[in-house]
Amino acid sequence: MKRIVFLLALIAGPFFVLAQPGAQPQDTSWKKILRESNPRINDLVHTKLDVRFDYDKSYLYGKAWITLKPHFYNTDSLLLDAKGMDIKEVSVMKGAAKSTLKYDYDGMQLRITLDKIYKGGENYTIYIDYTSKPNELTVKGSAAITDAKGLYFINPKGEDKDKPTQIWTQGETEASSVWMPTIDKPNQKTTEEIYMTVPAKYVTLSNGLLISKKVNADGTRTDYWKMDLPHAPYLFFMGVGEYAIIKDSYKGKEVSYYVEKEYAPVARTIFGNTPEMIKFFSDRLGVEYPWQKYAQIVGRDYVSGAMENTTATLHQESAYQNARELVDGVGWESTIAHELFHQWFGDLVTAESWSHITVNESFANYSETLWDEYKKGKDAGDAQNFSDMQGYLQGPGNPAKDLVRFHYADKEDVFDGVSYNKGGRILHMLRNYVGDDAFFKSLNNYLTTNKFKAGEAGLLRLAFEEVTGKDMNWYWNQWYYGSGHPIVKIDYNYETPGKAMVIIEQTQKTDKVFRLPLAIDVYNGANKKRYHVWVENKIDTFSFNYSQKPDLINVDADKVMLWIKTDNKTAENYVHQSKYATQYLDRKEALDFFAKKGMPELANGLTDKFAPLRRSTITKLEASKIAEDAKVIEEIEKIANTEKDRRTKAAAIAYLAKTSNAKYKALYEKNIDDSSYSVAGAALEGLIGLEPARAYELAKKYSKDAKGALGDIVNETIIKEGTEADFDFITKRFDDMPLSQEKLGAVATYAGYLEKVKNIANVKKGIDAIIKFRNAVPEQFRSFVDPMILGGLNKVGKAKGKEIEDYISNGMK
C-alpha cells in the first residue's frame, strides 16, 4: 500500500488542530491489549466466487464456494468474516448436492455449525448465497487507506458525465469480507476462482489469469479469472470499467496497463519501465517474479495511493500524467516500484498480523531507494532515502512507536511513517552493516523459506543470521522491537598534539542508549583513511593519531544513520567536505551549512553533478547575500539556457524572472511553449513580471493546457485578476483541480475572487465548489484543512452579509 501523498503533505504542512473545550481524555485501554496473530482454527484452501453487480443499488449478488480444513485440531464450527451482507443460504457441499447448515449472523461475522466434526487437515466446502451492500456499511479508514468498505461503485448510474463508470475493490486491511465471505486475516492464504458478470462493454481485471469469456444473451459477459497460487484474502481484487489495455511482457508473462482510453498513448511512458523493474527486482533478490502475470489499473476516486493486489495493482488517478507532466520527471515511478516489490514482500510472503506490517511496507518503501539507485544513480537513491528519513523524523508521535507494534488502538493505525519510512531506513542501515551480498542473500533466504506463507520480523532475523553467521538479536531488539532514534552531538578536539578526538554524545531524552556501528573517514587533502567504530554509550570518545592535522573527520562516512545530529564541524571542514567527500548527503550538508552561514561557497552547488542539488542551490541563493553576484547570475543564465533537467532549468528561469530584467524577455518567449509545464510556468512568470498589465491576457492565453507549475501561475493570475464575466471559467478551473495541496492553497485566492462577485447566485455556486472540495477530503483529515477553508469562506461571508453567512453555515453542517 502506497500512502496518499496529498494527505501526508497536509499533515506535514502549516496546519493546526483547534483544541476542543471540554474534550474527553482519549481511551488508552488498547495499551493493555496484545495484538497477536489471528488463531488459525480453520485454514482457507480455495475460494470460488460467482458475482454480478447491481449498478442502480450498488449491490453485488454473490455465490461463494469456500474450501477449508481444520488447521490442526478437530472442529465442528466455522467463523467467517462477512460484513454488512444479506445472507440467503449457507450449506455444505456433498459432491454436487448441498446440505443446509445452521448459522448465526450478527452483520459482521458468520458463525456456522458444521454438519460433523472435521479432523485436522480434512477438506470441506461451504456454499453461501449472499448480497453485498457496501454503501450501507459504516467503517473506518486510516492515513494510508481513507475508507474501508471494500467494494466501490464509481459513478454507477452515469450521472456524472465527466467521470467514467467503474468498479474496484480495496481489501487491505480486512475489507475483502465486505464483498465475499472469508477468513479475512493476513495469515490466511487461498487459491481463487472468480466468475464476474458485467455489461459487455466493460473489461474486467482480477488476480491470476483470464481463462475464458462468455457472452450472455442479456447484453452481459461473464469473465472467468483463475489464480492457482495461494495468497491472502485482502489481496483479492476485482476491477471493472471501460479501459484500453496496453500490453508488454516479461519472460513470456503478460505485463499490462489498464488505462482510460485517452491515456492509451502515454500508458507506456507512465508504466513502461515495469518489465525492467521486474527483471531488476528478480535479479537483485535471486527470486524470479513468482506470479502468472502482472497488471496495473487506474481507478477513479481511489481511497489510497496504490494497492498491491496480487498480479493486479490498483493505482489512484494521480498516476495519469500527460506527456508534458512526464517530461518534468515528477512521475509515478516510485509508486510503481513500491507496489511491484510488494509482489514479493507482502504477496509472496505476507505479514502474519498487522503488528508485523513493516515486513511488508518497509521493503516496499525501500524498493523506491533501490530502484532510484539502479536507474538514476547512487545520488538519486541516497536522495530518496534521505527524503523518506525526513518523512519519519518529522512525523509527530513517531519516535514513541515501536516498529513491530503489538499494541495499537486500531489495526489501521500501523500504516504510518514508522512502519513505512523508519522501517525502510532500518533496512538501509542493515544493508550497510552486513554488506550488499549478505543483505540480498538474506532476503532471498527469507523469501524462499517462507514463500506462500506468512512472515514476521523474527523470521527475517533468522534468515539474516543463517546467512551472515551473526547474532542479530541486538539489532532487532533495538530497531524492530523498540522505538525512537538517536539524537547525537558530535564534537572534535585537537588539543593533544598528534591526536584527534571525536566525541559522540547521545542526547535523546530517554533512558535508551543506541548501539551504532559507524564508519569514520579521516581526510588529509584528497586522501582518506577509514576507521570502523562502535557507539555504545551515552558518550563515546574515539582517538585518531596523526602526523598532519586532518582537514576533515567525517563521522558516518557512508551517511546511512537514522538519527538527528548536531555536527560541530568548522567552516573549513565543510569546505573540504564539499570538495572531497563524495556522498550526496556530504555535499548537501555542506551546501546547507554555506547557506545558513551566508558563505559564497554556496554558489559551488550550481555545478554539482546532481540536478536536484543544483536546483536546491538556486533556491537557496535567492535569499543569499550573493544573489545578485555577477558570477552567480552568469552561472544561472547558463543553466537557464543549457540545462537538460527540466525542473532545474525552470528554477533558473524563475530565478532570473525575479530580477525583472527586460534582457531576459527573449529567454521567456523562447521557453513559454516548452514541453515542460515547469519551464513554461517559469517563463510565463517572467513575462508577467515584465508586463504586469498583460498578466490576465497572458494567463488566459496559456490556460488551455496548463498543469503543474504552469497551471499554478495561470490559476493564481486568472483568479486574482478575473472579472465578474469570468465566473464560469474561473470556477471550472478551481473545480477541476485535483484533490491536492495546490488546490488547498488556491482556496484563499478563489475566495478572494468571490468577494468581488456581485451575482449572489454565482457566489453561492463558488461557495458550493469550496465546500465540495472540503467534503472530498476524508473526514479524519478535515481538522487539518478546515482552518484554511473556513478562513476563506468567512471572508466571503463577511463581505457579502448575513444571507451568505447563513448559506456557508448551512453548507458546512
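Quick note: structure is the one above.
Some thoughts on helix α13 (residues 584–597)
- Across its 14 residues, α13 extends 20 Å between first and last C-alpha, which sits within 8% of the 20 Å expected from 1.5 Å per residue.
- For α13, the tally of buried residues reaches 10 of 14 residues, placing the bulk of the element in the interior.
- Inspection of α13 places Tyr584, Leu585, Asp586, Arg587, Lys588, Glu589, Ala590, Leu591, Phe593 and Phe594 among the buried residues, and these make up the whole buried set.
- Against α7 (378–393), β28 (552–555), β29 (564–567), α12 (571–580) and α14 (611–622) lie the buried residues of α13.
- Positive phi appears at Gly598, one or two residues downstream of α13, with a value of about 70°.

Looking at the packing of helix α21 (residues 727–736) against helix α22 (residues 741–756)
- It is at 11 Å that the axes of α21 and α22 come closest, and there the two elements cross at 160°. Taken together, the axis directions place α21 and α22 in an arrangement best described as roughly antiparallel. When the axes of α21 and α22 are compared, the crossing they make is left-handed. Across the interface between the two elements, Phe727, Ile730, Thr731, Phe734 and Asp735 from α21 touch Lys743, Ala746, Val747, Tyr750, Tyr753 and Leu754 from α22.
- Residue classes in the contact of α21 with α22 are distributed as eight nonpolar, one polar and two charged.

Here we look at the packing of helix α23 (residues 760–776) against helix α25 (residues 802–811)
- In the contact formed by α23 and α25, the axes pass within 11 Å of each other and the chain directions differ by 25°. Taken together, α23 and α25 sit at an angle that is classed as roughly parallel. Viewed along their axes, α23 and α25 form a crossing whose handedness is right-handed. Facing Ile760, Val763, Lys764, Ile767, Asp768 and Ile771 of α23, the residues of α25 in contact are Glu803, Ile804, Tyr807, Ile808 and Gly811.
- Looking at the contact of α23 with α25 residue by residue, the class counts come to seven nonpolar, one polar and three charged.

So, empty space enclosed by the protein
- Tallied over the full model, the rule gives two cavities of 30 Å³ or more.
- In terms of lining, the largest cavity is formed by Asp382, Asn385, His428, Lys559, Tyr584 and Leu585.
- Breaking the lining of the largest cavity down by element, the ones donating at least two residues are α7 and α13.
- One number sums up the size of the second largest cavity: a volume of about 40 Å³.

Structural notes on the pairing of strand β10 (residues 166–169)
- The side-chain alternation of β10 yields two buried faces, one formed by Gln166 and Trp168 and the other by Ile167 and Thr169.
- Pairing of strand β9 (residues 151–154) with β10, which is carried by four bridges, proceeds in the antiparallel orientation. Looking at β10, one finds that Phe153 is bridged to Ile167.
- Bridging between β10 and strand β15 (residues 238–241) involves three bridges; their strand directions are antiparallel. Bridge pairing links Trp168 to Gly239 in β15.

Some remarks on the packing of aromatic side chains
- Scanning the model with the defined rule gives 46 aromatic pairs in all.
- A centroid spacing of 5.2 Å and a plane angle of 55° characterise the contact between Trp65 and Tyr127, whose relative ring orientation is tilted. With Trp65 in strand β2 (residues 59–70) and Tyr127 in strand β8 (residues 124–132), this residue pair connects regions lying 62 residues apart in the sequence.
- Judged by its relative accessible area of 4%, Tyr127 falls in the buried class.

Side note on the pattern of salt bridges
- If you walk through the whole model with that rule in mind, you get 55 salt bridges.
- Residues Lys98 and Glu89 are paired through a salt bridge, measuring 3.5 Å at the closest nitrogen-oxygen approach.
- The partner of Asp416 in a salt bridge is Arg405, and the shortest N-O contact between them spans 2.8 Å. Note that Asp416 is positioned in the loop between α7 and α8 (418–434) and Arg405 in the loop between α7 and α8, a separation of 11 residues in sequence. Comparing Asp416 with Arg405 shows no difference in burial state: the two are buried.
- One network of salt bridges, in which partners are shared, links Arg284, Glu373, Arg431 and Asp436.

Concerning the sheet that holds strand β23 (residues 487–493)
- Spatial strand order, β27-β24-β23-β29: four strands in an open sheet with mixed pairing. Two strands lie at the open edges of the sheet, namely β27 (539–545) and β29, each paired on one side alone. The sheet shows a mean angle of 20° between the axes of neighbouring strands, taken without regard to direction.

Conventions adopted
Residues numbered from 1 in each chain as written. Predicted model: local features only at pLDDT ≥ 70, side-chain atom pairs only at ≥ 80, totals over all residues. Heavy atoms only, no water. Helix = DSSP H or I, 4+ residues; strand = E, 2+ residues; numbered from the N terminus. Expected span 1.5 Å × (residues − 1). Buried < 20%, exposed > 50% of the residue type's maximum accessible area, 1.4 Å probe, protein only. Contact = heavy atoms within 4.5 Å. Axes fitted to C-alpha atoms, helices over the stretch in contact; angles between N-to-C directions. Parallel < 35°, antiparallel > 145°, perpendicular 65-115°, else oblique. Left-handed = near helix turned anticlockwise from the far one by under 90°. Nonpolar A, V, L, I, M, F, W, Y, C, P; charged D, E, K, R; others polar. 1 Å grid on protein atoms, 1.4 Å probe; cavity = no way out; pocket = protein on both sides within 12 Å on 5 of 7 lines; lining within 4 Å. Points joined across faces, edges and corners; volume = space filled by probe spheres on them. Pairing = 2+ DSSP bridges. Phe/Tyr/Trp six-rings, centres within 6.5 Å; stacked < 30°, edge-to-face > 60°. Salt bridge = Lys/Arg side-chain N within 4 Å of Asp/Glu carboxyl O.

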